[in-house]
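Chain and residue survey
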Amino acid sequence: MRVALRTIFVIAIALLLQNTIILELRIDGVSPDIMYLLPIAAGIVGGPVDGAVVGFLGGLAADLLLPTPFGLTALVGTLVGFAVGAASGSVARQVRGLPSAVALVTSVIAVMLYAMLGALIGQSQFLHANLAVIAVVVGVVNAVLAGPAVWVLRWALMPPARVRDGAAR
Amino acid sequence: MSIITLDETGKASVLTTGAKSVASDIYSPLRSGVNGLIDPIGRFFAGAVNYGSLQRENEKLRSQIDALETTHAQTAAAKRQYSELEKLLAINRLPSISGLDVVPAQVTAQDISDFASTITIDKGRTSGVAIGDAVVGPGGLVGQVTEAFHGAAQVRLLTDGKSTVGVSFGNHEVATLAGVQSGSTLRAEDLSSTTAVSVGELMYTSGLAGAQFPPGIPVARVTSVHSVVGAANKQVTAKPLAAMSGLSYVEVLIWSGSSS
């Protein structure tokens, strides 16, 4: 119960930050997107299931405020969270700097995946957006914020007992 | 994937629109509150960093206050706002708009997604705003309402990759202008190579049967015309007359011909 409440709290705060401070940080006309950072960090901290659940819930919350098709961010978040959790295993939790590298690569993939899935459901204009710039901005900012995000998600997803037991397997 | 399918096919759009409306009502005041907090914090840190030099300059600046007060009204921001409102008033005087109900609105957010060109305005269903209503800004047409919430609405800008608008120009010529996702220009679609069009020409909403916008609203100015020998169509680009970035105020036209 405590994990669920903490996770919802983290998602709500991230959503608020995304739609205020982060939205104003325009780099070459593009805003960073920290909503992809949540499933990435959750996947690193808790594994594929936690990554997928946080990706789905965070994406769904983001979709509530976005003008793009409802559920698209949730789908990408779920896939990204699961993939990061499954691929990184316990390695990214222990190697310093690896969360940033994972966040950079996965964020770029997430942006591309979002555009391609959008095009598949009739939003072909997504492919004409400045994809390279969006991917770089989102990837670099998420890489910089990966450390704090992993720390926050560890607080949300890992009660002390779970940490003692060795976290997600 | 089920959620996307239900939303895109319209089978659950009432549910998703309702959820979005509730989310908008909750987040709008939070967003305003946080934005209100950010500005003073930013100013505080800027002041703290430069405290020493600020003290020295304080006396000097005091002597300049009187002089500045007289020119205050002419600051760039004030002039820009004045010019914006003046242009908006000029749009109101157009014959095609003067008979319509108009809802003035303030822009609260712009481009909340990197994949869509939109603005969020502070007026929604309670003010009579509905999906499909045309939105005008200083200079001309800005876009169309795509989501109407309780106290806010989302407007798809002309430059969005999904936007299209029927326009008329010259000697009763008509065309469709479409947004270009990654730019601030519009592209004319299916414009026959025999159509007379020149750079600098103004384009207005056509208002033909089934049109999405009332007729006669200024939309764009032609910026380039390219004719390729043997091609059936001309390549024409146009620049919107209304500035699509940095919008502060817009007006929603309550128009019975809209798709709502």
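We now turn to the structure provided with this report. Remember, it's a predicted structure, so these values are computed and weren't measured experimentally.

1. Side note on the pairing of strand 10 (residues 218–226) of chain B
Residue and element names in this part refer to chain B.
- Pairing of strand 9 (residues 202–205) with strand 10, which is carried by three bridges, proceeds in the antiparallel orientation. Its bridge partner being in strand 10, Met 203 is matched across the sheet by Ala 220.
- Pairing of strand 10 with strand 11 (residues 235–240) involves six bridges; the strand directions are antiparallel. Bridge assignment links Val 222 to a residue of strand 11, and that residue is Ala 238.

2. Section: the nonpolar core
- Core analysis: the largest hydrophobic core is formed by 53 residues, its most contacted members being Leu 38 and Leu 153 of chain A together with Phe 115 of chain B.
- For this core, the secondary structure elements donating two or more residues are helix 1 (2–24), helix 2 (37–46), helix 3 (48–65), helix 4 (72–88), helix 6 (98–120) and helix 7 (131–157) of chain A together with helix 2 (13–49) of chain B.
- Considering each element in turn, this core owes the most residues, 11 residues, to helix 7 of chain A.
- Discounting residues that sit within four places of it in the chain, Leu 38 of chain A has contacts with Val 10, Ile 11, Ala 14, Val 54 and Leu 153 of chain A.
- Grouped together as the second largest cluster of nonpolar side chains are 43 residues, Ala 175, Phe 213, Ala 242 and Val 252 of chain B included.

3. Quick word on the sheet that holds strand 4 (residues 140–148) of chain B
All names here are of chain B.
- Pairing in this closed barrel of six strands is antiparallel, and the strands run 1-2-5-4-3-12 around the ring. This sheet shows a mean twist of 45° between the axes of neighbouring strands, independent of strand direction.
- Sheet topology places strand 1 (residues 101–110) next to strand 2 (residues 118–121); three bridges connect them, and they run antiparallel. Bridge pairing in strand 2 links Gln 110 to Ile 119.

4. Let's talk about the packing of helix 6 of chain A against helix 7 of chain A
Residues and elements named next belong to chain A.
- Direction vectors running N to C along helix 6 and helix 7 enclose 140°, while the axes themselves pass 7 Å from each other. Here helix 6 lies oblique to helix 7, going by the angle between them. In this structure, helix 6 meets helix 7 at a crossing whose hand is right-handed. Two secondary-structure elements touch here, helix 6 through Pro 99, Ser 100, Ala 103, Leu 104, Ser 107, Val 108, Val 111, Met 112 and Ala 115 and helix 7 through Leu 131, Ile 134, Ala 135, Val 138, Gly 139, Val 140, Asn 142, Ala 143, Ala 146 and Val 150.

5. Some words on the packing of aromatic side chains
- Under the counting rule described, the total for this entry stands at four aromatic pairs over all chains.
- A centroid spacing of 4.9 Å and a plane angle of 45° characterise the contact between Tyr 114 of chain A and Phe 115 of chain B, whose relative ring orientation is tilted. Remark: Phe 115 of chain B occurs in the loop between strand 1 and strand 2 and Tyr 114 of chain A occurs in helix 6; the pair is interchain, linking two chains. Accessibility classification places Tyr 114 of chain A together with Phe 115 of chain B in one group, the buried group.
- Judged by centre distance (5.2 Å) and plane angle (50°), the ring pair of Phe 126 of chain A and Phe 115 of chain B falls under tilted. Linking Phe 126 of chain A in the loop between helix 6 and helix 7 with Phe 115 of chain B in the loop between strand 1 and strand 2, this pair reaches from one chain into another.
- A residue is classified by how much of its surface remains accessible, and Phe 126 of chain A, at 1% relative accessible area, is buried.
- Classification of Phe 115 of chain B by relative accessible area gives buried; the value is 6%.
- One aromatic cluster is present, built from ring pairs that chain together Tyr 114 and Phe 126 of chain A together with Phe 115 of chain B.

6. A few points about the sheet that holds strand 8 (residues 186–189) of chain B
Residue and element names in this part refer to chain B.
- With antiparallel pairing, six strands are arranged side by side around a closed barrel as 6-7-8-11-10-9. Put simply, the sheet's adjacent strands are angled 45° from each other on average, direction ignored.
- In terms of strand pairing, strand 7 (residues 173–179) meets strand 8 through four bridges, oriented antiparallel. If you follow Leu 177 over to strand 8, its bridge partner there is Ala 188.

7. Regarding the pattern of salt bridges
All names here are of chain B.
- In the structure shown here, the tally under the stated rule is three salt bridges over all chains.
- Glu 147 is the salt-bridge partner of Lys 20, the closest N and O atoms lying 3.0 Å from each other. Linking Lys 20 in helix 2 with Glu 147 in strand 4, this pair joins segments that are 127 residues apart in sequence. Neither Lys 20 nor Glu 147 differs from the other in exposure class; each is buried.

What counts as what
Residues numbered from 1 in each chain as written. Chains lettered and ligands numbered in written order. Predicted model: local features only at pLDDT ≥ 70, side-chain atom pairs only at ≥ 80, totals over all residues. Heavy atoms only, no water. Pairing = 2+ DSSP bridges. Helix = DSSP H or I, 4+ residues; strand = E, 2+ residues; numbered from the N terminus. Core = buried A, V, L, I, M, F, W, Y, C linked by side-chain atoms within 4.5 Å. Buried < 20%, exposed > 50% of the residue type's maximum accessible area, 1.4 Å probe, protein only. Contact = heavy atoms within 4.5 Å. Axes fitted to C-alpha atoms, helices over the stretch in contact; angles between N-to-C directions. Parallel < 35°, antiparallel > 145°, perpendicular 65-115°, else oblique. Left-handed = near helix turned anticlockwise from the far one by under 90°. Phe/Tyr/Trp six-rings, centres within 6.5 Å; stacked < 30°, edge-to-face > 60°. Salt bridge = Lys/Arg side-chain N within 4 Å of Asp/Glu carboxyl O.

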